[in-house]
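The chain contents come next:
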Amino acid sequence: MTKNLFLLCLILLASCATKEEQGVGYMNYHQEIQRAEEFIVNEDYQEALTIYAKQAEGVKYLKTEHQVTHGFANTIVTLSKEENNSEEDLVSAQYKGKESLFPIYESLIGFVKTLGSDVTITPKKGSVSIIRKRQFILIKPATKSRIDLGFKLKDKPTTDRLENSGPFGTMCTHRVQLTDTAQVDPELKDWIKEAYEKSV
């Protein structure tokens, strides 16, 4: 089962308004998962996703043509759109109009990949999470001229360069602002490695 299909199960069960509906949702668990798998790989459905660009139109299509409930239709459209965004697409979208920052991102990723085979690189809509057992750094193109690199370095004192988390809030403990590839230097790499080692 993919992560998105597992998420679909949780949404289906959590979205039921009454205990009776929760029971129905639970009994139909495997049936709904099977239908979800069919929808995601079905060529007609993929074509429909292209035609029905708006969420409401896709939901209406599924309710009318496949007789699914409104909640399930809404969820399957949302998750399928997520499936259509590859990791490369997500990263490309982040750096659209910020192309001058992309070499910094590539330099960071190049170093992260040397840390170990247990590192997972997870692009999201607005940032890229770097995870071991938990997230230890976060790469975010904050402006057209700056990448914010967030760290999880509990109890480490701040410096002029290694600032507090700033706009990251509780997601990170520290932040370094990057505007040039030259700033991906030994000091920064040591902090990244330290965060990696603490992420166990």
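Please refer to the structure higher up on the page.
Residues numbered from 1 in each chain as written. Predicted model: local features only at pLDDT ≥ 70, side-chain atom pairs only at ≥ 80, totals over all residues. Heavy atoms only, no water.

Asks: Could you give me a rundown of the overall build of the protein, with the residues and numbers involved?
Replies: A tally of helices and strands in the protein yields nine helices and six strands. When burial is assessed residue by residue, the protein has 36% of its 200 residues classed as buried. Considering only contacts in the protein between residues 6 or more positions apart, those separated by 24 or more positions represent 53%. Put simply, the protein shows about 11,800 Å² of open surface, and 52% of that area lies on carbon and sulfur atoms. (Helix = DSSP H or I, 4+ residues; strand = E, 2+ residues; numbered from the N terminus. Buried < 20%, exposed > 50% of the residue type's maximum accessible area, 1.4 Å probe, protein only. Contact = heavy atoms within 4.5 Å. Areas by Shrake-Rupley, 256 points an atom, 1.4 Å probe, with all protein chains shown as cover.)

Asks: Explain the pattern of salt bridges residue by residue, including any values.
Replies: Under the definition given, this model contains eight salt bridges. In this structure, the salt-bridge partner of D185 is R161, at a minimum N-O distance of 3.1 Å. In this pair, D185 sits in the loop between β6 (174-178) and α9 (186-198) while R161 sits in the loop between β4 (146-151) and β5 (163-164), placing the two residues 24 residues apart along the sequence. Residue classification places R161 among the partly exposed positions, given a relative accessible area of 21%. A salt bridge links E163 to R175; its shortest N-O distance comes to 3.0 Å. You can see E163 sitting in strand β5 and its partner R175 sitting in strand β6, a full twelve residues away along the chain. (Salt bridge = Lys/Arg side-chain N within 4 Å of Asp/Glu carboxyl O.)

Asks: Explain the nonpolar core residue by residue, including any values.
Replies: Judged by nonpolar contacts, the single largest core of 29 residues is most densely connected at I139, F151, L188 and I192. Looking at this core, the element that brings in the most residues is helix α8 (residues 102-112), giving six residues. Setting aside anything within four residues of it in sequence, one finds I139 in contact with Q94, Y95, Y105, L108, I109, S127, V128, I130, I147, D148 and L149. Counting six residues, the second-largest nonpolar core is a separate cluster that includes V59, Y61, L62 and F72. (Core = buried A, V, L, I, M, F, W, Y, C linked by side-chain atoms within 4.5 Å.)

Asks: Talk me through the pairing of strand β2 (residues 128-131); I want residue IDs and the actual numbers.
Replies: Strand direction decides the pairing type here: strand β1 (residues 120-123) and β2, joined by four bridges, are antiparallel. The residue bridging T122 from the neighbouring strand is S129, located in β2. With four bridges joining them, β2 and strand β3 (residues 135-143) adopt antiparallel strand pairing. Directly across from S129, in β3, lies its bridge partner L138. Once β2 ends, the chain turns through three residues before running back antiparallel as β3. (Pairing = 2+ DSSP bridges.)

Asks: Tell me about the packing of aromatic side chains, and please be specific about residues and values.
Replies: Using the criterion set out here, one finds four aromatic pairs in the structure. For the pair Y95 and Y105, a centre-to-centre distance of 5.4 Å together with 45° between the ring planes defines the contact as tilted. Highlighted residues: Y95 in the loop between α7 (87-94) and α8 and Y105 in helix α8, separated in sequence by ten residues. According to the relative accessible area criterion, Y95 is buried, its value standing at 3%. Here the aromatic residues Y95, F102 and Y105 are joined through ring pairs into a cluster of three or more. Between the NZ or CZ atom of R132 and the centre of the ring of Y196, over which it lies, the distance is 4.1 Å. (Phe/Tyr/Trp six-rings, centres within 6.5 Å; stacked < 30°, edge-to-face > 60°. Lys NZ or Arg CZ within 6 Å of the ring centre and 35° of its normal.)

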